[in-house]
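Examining the three-dimensional arrangement
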Amino acid sequence: MIIKIKNIKGVTLPHRKGTSEIPTETLPIPKLVEIPMQQHIGAPCKVLVGKGDYVYVGQVLGDTEKFVSAPIHSSISGTVVQIKDMILHSGVKCESIVIEPDGKQEVLPGITQPDISTKEKFLKAVRNSGLTGLGGAGFPAHVKLDTKERIPEALIVNAVECEPYITCDYRAIIEEGNEIVNGVKLILDKLSIPKAYIAVEDNKPAAFSLLKELAKDDCRIETVMLKTKYPQGAEKMLIYALTGKEVPMNGLPIDIGTVVMNVTSVLALYKYCKTGMPLVSKRITVEGNGVKNRGNYQVVIGTYIKDIFEYCNGDKEKTVKVLCGGPMMGTTAESYEMPVVKQSNAFLFMTPEDLDFMEESACIRCGRCVEACPMGLMPLTMNRYALAKMTEELEKYNIMNCIECGSCSYVCPAKRHLVQSFRVGKDLVRKAKVKNG
Amino acid sequence: MDKLIVSSSPHIKDKATTSRIMLDVIIALMPTAILSVYYFSYVSALIIVASVSSCVLFEYLFNLITKKKHSETDLSCVVTGLILAMNMPPLKSSIILSIIGAFIAIVVIKMLFGGIGQNIFNPAAAARIFLTTAFSSLMTVYVAPLTDGVTAATPLAIPKGELLPSYLDLFLGKTPGSLGETAAVTLIAGGIYLMIRKVITWEIPVIYIGTVALLSFAFGQDPLYSILAGGMMLGSIYMATDYTTSPVTRKGKIVYAAGLGLMTASIRKFGSNTEGVAFSLLFMNALVPLIDKFTVKKTFGRIKKK
């Protein structure tokens, strides 16, 4: 596969990456953690422990027989105090396990380097690691990497990090660049992929030079600098920006010979293959005017937002919105009682000055949304049909191709809630499909 | 329970607003408006004031009577008023006529169709056509600039054989015509400002003007004279680029502008009307929904049908 740099459509955003040069700090183990049984796309995990059980760090708490799923591990050692139902910030309902730590962080006895001598064993290890796409979608990694008989022409490592505020991927590269490059080599070896491209945007030159330097002795790995543009970190956009190829509608990257992994997914996978310790903690960016001690923190999965907020000197009076993720695609937390999950990459404690509250007004047909849409859609037309609940027209205008990046809503001078209406519209199309078989 | 706002992404927005865009159009038209006052003295100022204030007033009253949310603050009615004034001949009668025009533009053409973003026809163009039809004697008399009211023929209506104004006079607007359609220099400067501010893109004005130049050359006319005389600059830069009444995609804009050029050049060559910009606008406005339908962008990743 040849590199053919293309400019994507989209928007130019303020960077606001003020935490990029602050070294990662480890958050102390909180008093209580809550681990949801659905932290991925696919089937939820069944609870495998009971109330009162003692659990170790790295012990499987939940799993399922289903292929599209990933096991969930305990991030701390301690006692299971409650198994309850909860609603995640994404709106998904699932069970969760509440654990009280004993503070010893005792590792599950017998955890050792997994056997990854063959491709099959490697893929099994990927599943056992509990790894899901850490870029945000949370798609189980073993499903993505199992490309069956088709060998990808290239592995694309996504170090784009195009959302404002977020710097955790950048910190991962700066602090654990060597492990990342070794992880890339490992994946290339195990899956016999001939080439890897690590994509970095030009607002992170230090990350680019470091990766380039670390990977210079392996001619299979090429570090590529891309012009900063949102949403270049979206899988389909990144592939296009690098190769000029479009992933077919309703298709997968492997259809055009590529596999995309987030840079921190590569890191997590490498660590598991070296130590056998699954994904139990995450590096997250804490930002926004609602907190004093902004920066990147290594936190155990299951840590409540409130513990991070307190540790970072948060001000509840000032904070009006808590974002899980970036300001363009992040979801809002209903309360501070929400736990960190595998896909968490940032918590932004926003005050009114961080946000843009503006009233919706009539569409003036300026066409800015059409120019901004990276997926080549007609947001203004889709908005009209979504509000009128005209399902057939929505499908005709390819609403299902919308990646909800928010570029259209961002540029809209009338401040129309475009993406919001598309979520409703997509739901209408899905329901109509179910109804019509 | 903590009071946290739960809302849909994105959570940040660009600074551009409807009113800021409209303000930019007003700023872009200011040099032309000021120049018209210089050329045609206080009459011009009175026409502008009458037109703008009645457009704002009609929109305010319409919203008041129909109990709609007040939309005057988006400044689009000010833009309509200003463009309408630029379309009026510099006569005292235009002060009254511009109020009638404002009623047509705002109430009939814009608000009755649902307000901003909903009207099919360009309000100022429709008002001009209405006034030219209903008050043709008052709308087709033009005054020479800097003469204190001497009537004269517009550059496009000068009979064959008589002396035509020079390119420089056309460029500086020292020719008879309506308030804002004579001076190419200030209209182009405003247009460049709008492009720098990313309010408009080059496609519509450049292709419209280019098509007219090309066709008038083909018809054996002087292309430079054709684009500098009459309402070409005002129409192509400020009226044809009206968001509501022009296509949304780039491809659509190109088709629309080429259509406008074809219409204008044909009306000027074959029609009895010497102008044609406003008529072309109305005609092409009616085709915008159709153009939009056939110029939908190609969706990312769509598999080409063989």
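Residues numbered from 1 in each chain as written. Chains lettered and ligands numbered in written order. Predicted model: local features only at pLDDT ≥ 70, side-chain atom pairs only at ≥ 80, totals over all residues. Heavy atoms only, no water.

**A look at the pairing of strand β8 (residues 93-101) of chain A**
All names here are of chain A. Under the convention used in this document: Pairing between two strands is assigned when DSSP locates at least 2 bridges connecting them. Secondary structure counts use DSSP, requiring at least four H or I residues in a row for a helix and at least two E residues in a row for a strand, with both numbered from the N terminus.
The sheet contact formed by strand β2 (residues 33-36) and β8 spans four bridges and is antiparallel. Paired with E34 across the two strands is V98, which belongs to β8. Where strand β7 (residues 78-87) lies against β8, nine bridges are found, and the strand directions are antiparallel. Each bridged residue has a counterpart across the sheet, and for Q82 the counterpart in β8 is V98.

**Section: the pairing of strand β11 (residues 221-226) of chain A**
Bridge analysis of strand β10 (residues 196-201) of chain A against β11 of chain A gives six bridges, and the strand direction is parallel. Bridge pairing links E201 of chain A to L226 of chain A in β11 of chain A.

**What about the interface of chain A and chain B?**
Defined as follows: Here, residues are in contact when the closest pair of their heavy atoms is within 4.5 Å. Buried area: the sum, over both parts, of the accessible surface (1.4 Å probe) that disappears when the two are put together. The salt bridge definition used is simple: a Lys or Arg side-chain nitrogen within 4 Å of an Asp or Glu carboxyl oxygen. Under the rule applied, a polar contact is a pair of N or O atoms within 3.5 Å (in protein, one hydrogen donor and one hydrogen acceptor; residues adjacent in sequence only if both atoms are side-chain atoms). Residues were grouped as follows: Ala, Val, Leu, Ile, Met, Phe, Trp, Tyr, Cys and Pro as nonpolar; Asp, Glu, Lys and Arg as charged; and all remaining residues, including Gly, as polar.
On the chain B side, the residues contacting the 65 residues of chain A number 42 residues. Interface area for chain A against chain B, summed over the two sides, is near 4400 Å², with a carbon-plus-sulfur share of 56%. A salt bridge links K298 of chain B to E246 of chain A, with the nearest nitrogen and oxygen atoms 3.0 Å apart. Remark: the boundary between chain A and chain B carries 27 residue pairs in polar contact (both at pLDDT 80 or more). Its residues placed into classes, the side of chain A that touches chain B shows 35 nonpolar, 14 polar and 16 charged.

**Re the domain arrangement of chain A**
Residue and element names in this part refer to chain A. What counts, and what does not: Where each domain begins and ends follows an automated or database-derived domain assignment.
Domain assignment breaks chain A into domain 1 (119-275) and domain 2 (368-435). Just the C-alpha atoms count here: the centres of domain 1 and domain 2 sit 29 Å apart. Counting from both sides, the interface comprises six residues of domain 1 and, opposite them, seven residues of domain 2. Taking both partners together, domain 1 and domain 2 bury about 570 Å²; carbon and sulfur atoms supply 69% of that area. Looking only at domain 1, the three residues that lose the most surface to domain 2 are Y230, M237 and M249, adding up to 63% of its buried area. Our count for the contact surface shared by domain 1 and domain 2 stands at zero salt bridges. Our count for the contact surface shared by domain 1 and domain 2 stands at one residue pair in polar contact (both at pLDDT 80 or more). Looking at the side of domain 1 that touches domain 2 residue by residue, the classes come out as five nonpolar, no polar and one charged.

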